Amino acid sequence: APVYPESLRAAGVSGSVLVEFVVDTMGRVESGSERVVQSGHAHFTAAVRAVLPKYRFLPAEAQGNRVRQLVRMPFRFDLGQ
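Everything in this summary refers to the structure shown in the same document. The structure presented is a predicted model; accordingly, all values stated were derived computationally and were not measured.

## Description of helix α2 (residues 42-51)
Here comes step 1: Among the residues making up α2, those that are buried are Phe44, Thr45, Ala47, Val48 and Val51. Here the buried residues of α2 occupy an arc of 160 degrees about the axis, which is enough to place them on one side. In α2, the exposed residues that point more than 90 degrees away from the buried face are Ala42 and Ala50.
Here comes step 2: Each element contacted by the buried residues of α2 is listed here: α1 (6-10), β1 (15-23), β2 (35-39) and β5 (69-77).

Here it is in structure tokens:
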């Protein structure tokens, strides 16, 4: 999970980031495919961008073959975490 930016935690700021990216045929986030759809703060965006390359997914399949797939994923930053 993304690391909650300490400056925002200390300030009591919560928020979210919605990103789109392409998952390749190996289940990895395709480099350069990330697009921020919505973000509550630039520091939240940076935290999400830092962790995306570490994510692994089950690749999509079409007709028995692995295919690239566009994914839209929300990330919440809540002070209760």
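## Some remarks on the sheet that holds β1
Here comes step 1: The sheet built from three strands is open, its strands ordered β2-β1-β5 with antiparallel pairing. Bordering the open sheet on either side are β2 and β5, each of which pairs with just one other strand. Sheet twist, expressed as the average angle between the axes of neighbouring strands with direction ignored, equals 20 degrees.
Here comes step 2: Of the pairings in the sheet, the one linking β1 to β5 comprises nine bridges and is antiparallel in character. The residue bridging Ser16 from the neighbouring strand is Arg76, located in β5.
Here comes step 3: Packed on one face of the sheet, α2 meets β1, β2 and β5 and runs near 35 degrees to β1.

About the cut-offs
- Residues numbered from 1 in each chain as written.
- Predicted model: local features only at pLDDT ≥ 70, side-chain atom pairs only at ≥ 80, totals over all residues.
- Heavy atoms only, no water.
- Buried < 20%, exposed > 50% of the residue type's maximum accessible area, 1.4 Å probe, protein only.
- Helix = DSSP H or I, 4+ residues; strand = E, 2+ residues; numbered from the N terminus.
- Arc of directions from axis to C-beta.
- Contact = heavy atoms within 4.5 Å.
- Pairing = 2+ DSSP bridges.
- Axes fitted to C-alpha atoms, helices over the stretch in contact; angles between N-to-C directions.

Remember, this is a structural readout, not a statement about activity or role.
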